[in-house]
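The lines below spell out each chain.
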Amino acid sequence: MESPSVTELAAELQRRAEEKYGRDRAETLRQDVLQLARELNALRTYDLGFEDEP
Amino acid sequence: MNLEALTLTEASNAIRTGSLSPLEYVQALLRRVDAVEPHVQAWTTIDRDAVLAEARQLEVEASRKQFRGPLHGIPVGVKDIFYTRNLKTTIGSSAFADFIPTYDAAVVKKLRHAGAIIMGKCVTTVLIFLDPGKTRNPWNTNHTPGGSSSGSAASVAARMCPVSIGSQTVGSVGRPGAYNGIVSMMPTQSRVSMSGAFPLAWSLDHVGLFSRAVADLAPLLESLSDSPMPGHPKIQNIGKFRIGIVRGFFYEKADSQSRNGIDALATKLAAAGLHVEDATTPGIFDLHPAILRTIVRSEAGAVHSQLIASKPDVYGPKLRDLVQLGMLIDSTDYLRARRIRRHYEREMVRLFDHFDVLLTPAAPGPAPEGIGATGDPVMQAPWTLADFPTMTLPYGLASNGMPLGIQLSAAPLHERLLLEVAGAIEGVIGFREEPEIGKTNRGLRG
């Protein structure tokens, strides 16, 4: 069961994929998009200070 | 003298004493190429006329005791992502099939300055990612040589050149090094310039080195290094070296042969007098796949965004997925990954408060059967992200006769220490196996 934030992020990424690549291609990326959402969410919830630079 | 079997160190010494001519050496290696290349397919391009012409010139200079540098007369394979002036550079792709650069990459310039002969361009996977090239593993040609530095590793293992240059963004040096039963090194990124090489992900791309002996890496690395290396590594009292075996994640990913092999080797190293202990990674270690993949995807997306639009047909399925996923990531998330990477580097380097080097399996197991994939870079990924200089060494054979490797890592810019420890471990291991080229069924080894 995915967290709401992952589900929301995955939906946003899937929308981006459909806009960029079309529905058929985006569908083939769906599982990868979900994994990407999980990973981006993990990074978004990591504690960083304003002073932390790239 | 079996010239094809010479290490860089042996060949270099022989050239300097006059007992080996650069021309004789390169002619022997070209005969070796003729004999085994049909099985291994490590090369994209060899310009024999240019190689022989260069060897003749270096021979004249050597006869006058005029040596350009520590690599005088040494033929070196170069991964086909590094630009070579007037020599085709294909990046493993039909998109660049006829591309001939007008200048040398930084490492190629340094190799020439040190007196090396650019033997030829070694096969890379398609556009440096996971879609395989044509190269086969010299130990068993039904197995992958790994990638993306496929030809660089296979050419050295098959004794077509003593050393070669590759690159690593995730695991593209350590994995083929292990799969091919040879020594490899990925130095700290700032140690050797990637300028003039086609990128995969700029902030993670590292130059890589391949050889058949640890001793060969010091003169090669010194020739390529952008900053002075503090003297030649010497074998010190090995009892002072502290080795941290990292099990946990690495053992979960390794097969039973690899785990048992590392355990047995740890006992052997301790018996030889090295200090061996277990090492535990910090909590942020668990985040490394998310950090690494976000950076690789984003940067590869940026590298390829125009080419994939103009020439979509040159993209294999794996790279296409990577690039298109990368193009979905916005800058805030990419920069966040870069920021967290700094935290990761700071936390991980603390491991070296207690250890000189860390030891893990170099791959989940021996090179997998099949040439449709290049194996799993899972063992290299955490250290590449941390920018630890990392080596792989062969230590034994699996039950199917394929080589097994260990991976050693040190703190950033501590290549000298890494080479010292690796040399000591190499001496304890005493690996002497060689591939029988063309064998497709190696069978059990006694």
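Here the structure is shown first, and the text comes after it.
First things first, this report covers the structure right here in the doc. Going along each chain's sequence as written, the residues are numbered from 1 onward. The lettering of chains begins at A and the numbering of ligands begins at 1, in the order of writing. Per-residue local features are limited, in this predicted model, to residues with pLDDT of at least 70; the limit for side-chain atom pairs, both in listing and counting, is 80 or more; totals at the level of whole chains, interfaces and linings are taken over all residues. Heavy atoms from the whole structure form the basis of all side-chain values; hydrogens and water molecules are not counted.

### Quick look at the overall build of chain B
The numbering of helices and of strands both runs from the N terminus, where a helix is a DSSP run of H or I of at least 4 residues and a strand a run of E of at least 2. A tally of helices and strands in chain B yields 14 helices and eleven strands. Relative to the compact-globule value of 22 Å for 446 residues, chain B shows a C-alpha radius of gyration of 21 Å, a close match. Taking the principal axes of the C-alpha coordinates as reference, chain B spans close to 60 × 60 × 45 Å. Note on classification: 1.4 Å probe, protein chains only; a residue is buried when its accessible area is under 20% of the maximum for its type, exposed when over 50%, partly exposed between these limits. Here chain B holds 446 residues, and the buried ones make up 63% of them. Whether two residues touch is decided by their heavy atoms; if any such pair falls within 4.5 Å, the residues are in contact. Put simply, 78% of the contacts in chain B that link residues at least 6 apart link residues at least 24 apart. Only the protein chains shown count as cover for residues, and the accessible areas themselves come from Shrake-Rupley with a 1.4 Å probe. Only carbon and sulfur atoms are counted for the fraction: they give 50% of the accessible area of chain B, which is about 15,600 Å². Each charge sign in chain B was given a centre, from 45 positive and 42 negative side chains, and these centres are 2 Å apart. Computation of the radius of gyration draws on C-alpha atoms, with the globule rule given as 2.2 Å multiplied by the number of residues to the power 0.38. His is not counted, nor are the chain ends; Lys and Arg add positive charge and Asp and Glu add negative charge. Every charge is mapped onto a representative atom, which is NZ of Lys, CZ of Arg, CG of Asp or CD of Glu.

### Considering the pairing of strand E9 (residues 357-361) of chain B
Residue and element names in this part refer to chain B. The buried fraction of E9 is high, at five of five residues. Whether two strands pair depends on DSSP finding at least two bridges between them. Pairing between strand E7 (residues 242-246) and E9: three bridges, direction parallel. Bridge assignment links isoleucine 245 to a residue of E9, and that residue is leucine 359. As judged from the four bridges shared by E9 and strand E11 (residues 403-409), these two strands associate in the antiparallel manner. Note on E11: the bridge partner recorded for threonine 360 is glutamine 407.

### Section: the side chain of A:Asn41
As for its placement among the helices and strands, A:Asn41 is situated in helix H3 (residues 30-44). Residues contacting A:Asn41, with those up to four places away along its chain left out, are A:Ser3, A:Ser5, A:Val6 and A:Leu9.

### A look at empty space enclosed by the protein
All names here are of chain B. The way it works is a 1 Å grid over only the protein atoms, where trapped points that fit a 1.4 Å probe form a cavity and open points with protein on both sides within 12 Å along at least five of seven lines form a pocket, and then any residue with an atom within 4 Å of a point lines it. Grid points are joined across faces, edges and corners, and a volume is the space filled by probe spheres set on the points. Taken as a whole and judged by the stated rule, the model has three cavities of 30 Å³ or more. Counted as a void, the largest cavity has a volume near 50 Å³. Lining the largest cavity are Val123, Pro132, Gly133, Lys134, Thr135, Thr144, Pro145, Ser150, Ile371, Ala373 and Thr374. Looking at the lining of the largest cavity residue by residue, the classes come out as five nonpolar, five polar and one charged. Throughout this entry, Asp, Glu, Lys and Arg are counted as charged residues, while Ala, Val, Leu, Ile, Met, Phe, Trp, Tyr, Cys and Pro are counted as nonpolar. The remaining residues, Gly among them, count as polar.

### A word on the interface of chain B and chain A
Contact residues are listed per partner, giving 26 residues for chain B and 24 residues for chain A. Put simply, a salt bridge is a Lys or Arg side-chain nitrogen that is within 4 Å of an Asp or Glu carboxyl oxygen. For the interface between chain B and chain A, the tally reads six salt bridges. Residue A:Arg16 is joined to B:Asp330 by a salt bridge in which the shortest nitrogen-to-oxygen separation is 3.6 Å. Any pair of nitrogen or oxygen atoms within 3.5 Å is treated as a polar contact; in protein, a donor-acceptor pairing is required on top of that, and neighbouring residues in sequence qualify only through side-chain atoms on both sides. Between chain B and chain A we count 16 residue pairs in polar contact (both at pLDDT 80 or more) in total. Mapped by element, the contributors of at least two residues to the side of chain B that touches chain A are helix H10 (288-310), helix H11 (317-326) and helix H12 (331-348) of chain B.

### Here we look at the environment of B:Met402
In this fold, B:Met402 is placed in the loop between strand E10 (390-397) and E11. Residues contacting B:Met402, with those up to four places away along its chain left out, are B:Asn137, B:Trp139, B:Asn140, B:His143, B:Pro366, B:Ala367, B:Gly396 and B:Leu397.

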